[in-house]
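If you want the building blocks of each chain, they are given just below.
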Amino acid sequence: MLSFIVQRLLQSVFVMLAVSLIAFSLFRFVGDPVAQMVGQETSIQDQENLRERLGLNDPLITQYGRFVGDLIKGDFGFSYRTRQPVSEMILNRMPATLELGAVSLLISLLVGIPAGIYTAIKRGGVLSNVLLMSTLIGISVPTFVIGIFLIYLFGVELGWLPTFGRGETVQIGWWQTSFLTWDGLKSLLLPAITLGIYQLTLTMRLVRAEMQDVLKTDFIKFATARGINYRSLYFNHAFRNTLVPVITIIGLQLGGIIAFSIVTESVFQWPGMGLLFLDSIRYVDIPVMSVYLVLIALMFVVINLAVDMLYFAIDPRVRLKSANG
Amino acid sequence: MDVLLNINNLSVKFPTRFGEFSALDNIDLSVAAGEIHGLVGESGAGKSTVGAAIMGLLQSPGYVASGDINFMGEQLGSLSAEQYHAMRGQRISMIFQDPQTSLNPLLRVSQQLIETIRQHSDVSYSEARKRAIALLEETGIRDVEQRMDEYPHQFSGGMRQRVVIALALCTNPELIIADEPTTALDVSVQKQILALIRSLCTTRNIGIILITHDIGVINEITDRVTVLRSGRVIESGLTAQVLGNPSDAYTKALMAAVPRLDKRLDRFRNIVSDDILTKENTSWVVEGANAQFASDWLLQDHQFDKQQQDNDARSILSVTNLAVTFYSGQPGWFKRDEGFKALSDINFTMRTGEVLGIVGESGSGKSTLAKAIVGLVDPSAGEMIFNAEALPPGSQRARTHPARRQIQMVFQDPYSSLNNRQKVEDIIAEPIRFYNMTSDNRKIRQLVASVLELVEMPQSAMLKYPHQFSGGQRQRIAVARALVARPEFLICDEPTSALDVSIQAQILNLLKDLQQTFGLSILFISHNLAVIRQISDSVLVLRNGALVESAQTEMFFSAPKHEYSQMLLRETPSLAMLQEQQ
Amino acid sequence: MINAWRRFSRENELVYLFLRNRVAQLAALIAIVSVGAAAFANFIAPTNPYDIASIDIMDSLIPPAWNADGESHFIIGTDDQGRDLFSAILYGTRLSLTVGLLSITFASVLGVTVGLMAGYFGGRFDAIVMRIADVQLSLPAILVALLIDGIARGILPQDKHDSLMIVVLTVAIGLSLWVNFARTVRASTFVERNKEYVQASQIMGMHPVRIMLVHILPNIMGPILVILTVDLAVAVLLEATLSFLGVGVPPNQPSLGTLIRIGTEYLFSGEWWIVIFPSGMLITMIVSINILGDFLRDALNPRLR
């Protein structure tokens with residue numbers, strides 16, 4: 001068991017190093033850091049001095065090391081655009097994105113998984129076909145179109161829900177939350193649904209596909225031949241065996257949610273990290289871009305580790321393989 | 001003995017896009033308590049369909065077209081879906097072929113047992129657990145208390161099948177359908193499981209339907225037997241009667257095709273023949289192509305002289321101290337990988353024109369030996385000498401090394417040994433082109449057609465794709481492909497293990513004929529001792545990668561020296577007694 | 001002739017299933033029409049919306065022809081720049097499909113090559129490739145696309161930037177999707193590689209490249225085809241999203257995504273057509289591609305032997 005954890009940790013570190021390398025290259029080679037920081041009038045000499053002071057003339061390895069060290073310490077540098085510390089900007093925006101992401105994930109799982117199981121079991125029924133058709137629409141309609149449509153319907157025509165921004169939020173420490181105000185919750189609803197729909201349909205399709213595969217296996221046949229009641233067959237036997245691939249994809253989806261939040265935040269003007277990243281792309285604000293990159297990678301790596309640990313808990317064959325070295 | 005099950009005039013059909021397919025056609029069957037009724041037939045006979053129909057688990061879109069299934073006075077056809085499902089496991093149970101896939105890998109054995117018990121009877125958890133323990137002991141599992149909480153993959157194949165049997169028994173059914181229960185197991189384990197089934201049948205007084213394609217198994221434990229072919233009952237009756245003195249021509253042909261363990265015959269006679277050589281198929285020919293043409297090509301216009309070959313007594317292949325070790329390639333952090341010894345210290349020599357049989361159970365290393373010779377796997381030690389020259393290990397063998405043409409191989413699985421996307425013509429022509437044996441396209445076509453005729457296939461086969469042929473026919477194509485390269489040495493790795501018994505006999509006949517006509521040296525690998533006896537001149541026994549015994553065939557079979565060989569001979573289900581009468 | 005066709009359509013399972021599936025046929029029809037319209041946009045469209053000279057700002061925001069204020073030669077109205085919406089949609093579809101197809105070609109060539117090699121050779125090469133794939137999989141497609149786009153923006157001078165955008169987009173989307181191909185091809189290659197016909201070729205001494213191309217590749221076309229279709233939809237979606245966000249195609253060559261972005265601003269003031277028609281076109285196209293993808297996946301699924 002130990003070697004398994006160690007192995008995965010090392011892999012994660014490797015991935016993080018690779019990503020930080022990319023981020024570092026961005027920093028160093030795209031555009032000129034010095035040119036971004038000084039005005040027109042600064043003399044060449046002063047620019048040189050600045051370069052020296054920032055350590056930009058040191059060997060690349062040293063610079064890279066410094067970069068990684070800074071990242072670990074939490075020193076993310078300053079934004080080219082706003083001159084603010086990047087860490088501040090990100091911390092400011094993180095709660096918005098995380099809350100949005102969490103609610104969307106919840107929606108997609110709570111609806112997607114049961115729907116997937118249902119369509120796998122009841123094939124050909126009316127509800128099944130309706131659900132299947134809607135998954136097709138769900139993965140074909142771009143997130144932003146869904147957002148626009150929802151805004152138009154619920155925001156403009158019906159006027160039930162706010163159309164942009166977070167509404168009222170409550171500050172707890174450095175975290176601003178939408179959950180504690182009615183207005184905040186109302187503002188959260190549409191974006192969360194928009195973000196969640198794509199993920200929901202993906203989940204549903206995946207769960208359905210995996211369930212169908214499992215239902216064809218020999219051990220289900222044997223269990224049926226033993227007269228095990230259908231409810232137990234589906235949940236105790238079939239669904240349990242679909243958990244492994246489903247968990248993988250859910251893990252990946254968390255990432256998809258974080259990524260697609262960019263679009264949703266853009267449509268709803270939701271002040272989250274995604275919008276921040278988008279602006280940084282538009283204005284070529286390298287420090288923000290590269291830090292965002294590293295953070296996302298970190299999130300993924302952590303999620304992947306968690307997923308692997310879950311495998312361990314669920315599938316005894318994985319445990320045995322690692323115990324034997 | 002009271003009759004448990006009575007099937008009358010049962011017909012099952014499957015609608016397909018080619019019309020309606022009749023899987024079963026007016027089947028009659030009856031099973032009594034305490035009796036094992038064998039259901040035997042080749043593939044496509046409909047044996048498994050009978051089992052599925054009884055359980056009410058026909059694969060859709062199949063349906064029961066007519067007839068009825070009567071179980072202890074009840075017409076199963078008139079049961080509702082719930083009633084049927086309640087009956088499953090409770091009164092009729094079924095076990096399948098592959099113990100590995102029959103058990104839920106994520107649940108402990110105890111959980112699966114207890115769940116089944118509590119499904120059908122209202123008992124407490126601890127009571128169910130006690131019953132489970134008793135069952136596992138009854139099916140011969142040791143250290144039950146300890147092992148029952150383990151997962152399926154922690155058991156060996158034979159043990160798993162015992163668990164499966166326990167699961168089928170735990171609800172005390174009156175009838176059990178066993179669909180090829182021992183096919184996936186090694187010979188030694190097979191005999192034990194069969195004995196277990198027999199004893200359970202007698203002590204519990206249940207009826208058992210044993211579905212299998214293996215006639216030896218039928219002879220071993222069944223009381224009565226029904227022979228199926230293409231969905232129809234050919235013959236039915238007491239086992240000793242049907243097998244020993246068959247009345248139907250098909251049954252006779254089937255029995256004639258079973259390889260004998262007690263005596264070597266020069267050919268299989270009076271067997272079922274392949275029906276592909278119809279007039280329709282043979283009307284299309286390539287000009288100038290016939291079996292003689294192929295024969296001339298293979299012998300390079302010489303005459304083959306068997307006498308000369310015998311006098312020659314050269315050795316074609318000599319293997320010394322051969323060892324193959326596999327490393328898993330996943331270095332642990334604290335343990336160095338010792339590797340898995342697939343073969344260790346193998347020594348033998350083959351003369352030109354000899355047929356050497358390699359026999360062993362699974363994991364014995366037989367295939368690894370073939371792979372080492374042919375270059376797919378590198379030996380970790382030892383030498384191979386082919387035609388008096390050193391044979392380099394596969395990774396060092398040049399692409400144009402002559403041994404690559406001189407050694408050809410016929411594989412086990414006819415469904416994966418041919419590229420499904422290539423026409424048969426291209427498949428057979430590929431070696432000719434690749435080895436640059438001739439660049440005349442017309443000649444190549446003639447050769448392909450001729451070689452097909454040589455392996456008793458119609459020349460028109462070259463226009464088709466592999467999936468349009470049956471397993472046996474595909475194997476003939478594989479043989480044609482191997483032959484066309486003019487090999488001196490042929491390795492056959494379980495070439496008939498995936499084939500039905502009659503087809504196996506046809507292919508073995510073919511191989512014998514070819515060997516005699518062309519003086520091929522053949523390395524024949526099989527796990528089936530009877531097949532080995534019928535085709536080889538000498539025998540090599542492998543066990544867990546080590547050479548256990550090596551001898552001339554006749555000497556080996558009349559008096560094997562090693563204990564393991566004796567065990568193998570003993571445990572192989574055979575028809576020795578019956579065949580002696582013939 | 002008819003008999004030959006009847007036999008073929010019965011024996012070839014894919015064709016048979018297709019001919020019985022009305023939905024798939026409809027989807028195929030829509031796809032063909034879309035591709036056709038896009039390909040011949042030059043000839044079909046009444047105006048060329050990319051030609052700045054032909055646009056008159058005075059023509060902006062005219063509603064569709066059946067509306068009271070509409071004009072007959074602007075069938076479904078104009079956008080905020082005065083471009084004829086019908087032409088803009090045709091050209092936009094062409095642009096979206098072009099980017100989609102190009103990026104899929106790029107992704108598939110890269111992915112299939114890498115996947116074949118990783119699956120065939122295994123060992124170190126496979127391990128390295130899988131690590132790279134892992135790293136890339138830790139960044140979702142849209143992020144990768146955005147990133148590359150951003151880098152391109154930073155590296156290229158402004159004027160070159162616009163004309164090279166198509167290339168940048170193709171590379172960005174292609175690089176974010178190649179991993180799907182690589183993983184599936186790798187898995188299928190693993191399976192085929194252990195089959196005996198591959199072993200037979202290896203024994204003969206065939207060169208690995210020949211084995212991969214002549215023997216293995218034709219046998220794994222099924223899964224590749226499915227991913228091609230499914231990822232084409234994703235590519236088109238990605239391009240639309242990027243353009244919507246303003247980091248896709250240059251503004252004077254609007255794709256469907258750009259049009260939708262423009263339209264969003266005017267939706268709430270009542271000029272609904274600028275959003276609705278391009279959205280409809282986009283959705284219809286993607287839905288048909290997805291239906292075909294689903295059909296292929298089900299039809300090519302190895303079922304009972």
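Everything discussed here concerns the structure shown above.
Residues numbered from 1 in each chain as written. Chains lettered and ligands numbered in written order. Predicted model: local features only at pLDDT ≥ 70, side-chain atom pairs only at ≥ 80, totals over all residues.

Draft legend 1. The sheet that holds strand β3 (residues 36-41) of chain B, seen in detail. All names here are of chain B. Overall, mixed pairing links the six strands, which are arranged β6-β7-β8-β3-β9-β10 in an open sheet. At either end of the open sheet lies a strand with only one pairing partner, and these are β6 (92-95) and β10 (232-238). Pairwise comparison of adjacent strand axes, ignoring direction, gives a mean angle of 15° for this sheet. The sheet contact formed by β3 and strand β9 (residues 224-229) spans five bridges and is parallel. Each residue of the ladder has a partner; that of V40, found in β9, is V227. (Pairing = 2+ DSSP bridges. Helix = DSSP H or I, 4+ residues; strand = E, 2+ residues; numbered from the N terminus. Axes fitted to C-alpha atoms, helices over the stretch in contact; angles between N-to-C directions.)

Draft legend 2. Fine view of the interface of chain A and chain B. In this assembly, 21 residues from chain A lie in contact with 27 residues from chain B. Breaking the side of chain A that touches chain B down by element, the ones donating at least two residues are α1 (2-29), α9 (218-225), α10 (230-268) and α13 (316-323) of chain A. The greatest single-element share of the side of chain A that touches chain B, amounting to six residues, is contributed by α9(A). (Contact = placed C-beta atoms within 7 Å.)

Draft legend 3. Quick look at the interface of chain C and chain A. In this complex, chain C contributes 36 residues to the contact, which on the side of chain A involves 36 residues. Elements represented by at least two residues in the side of chain C that touches chain A include exactly α6 (123-137), α7 (141-155), α11 (221-245), α12 (256-267) and α13 (273-299) of chain C. Element by element, the count of residues in the side of chain C that touches chain A is highest for α7(C), at 10 residues. Classifying every residue of the side of chain C that touches chain A gives 24 nonpolar, eight polar and four charged. (Nonpolar A, V, L, I, M, F, W, Y, C, P; charged D, E, K, R; others polar.)

Draft legend 4. The packing of α12(C) against α13(C), seen in detail. Residues and elements named next belong to chain C. Running from N to C, α12 and α13 point in directions that differ by 150°, and their axes come no closer than 7 Å. As α12 runs across α13, the sense of the crossing is left-handed. Contacts between α12 and α13 involve L256, L259, I260, I262, G263, T264, Y266 and L267 from the first element and I274, V275, P278, S279, M281 and L282 from the second. Across the contact of α12 with α13, the residue classes break down as 11 nonpolar, three polar and no charged. (Left-handed = near helix turned anticlockwise from the far one by under 90°.)

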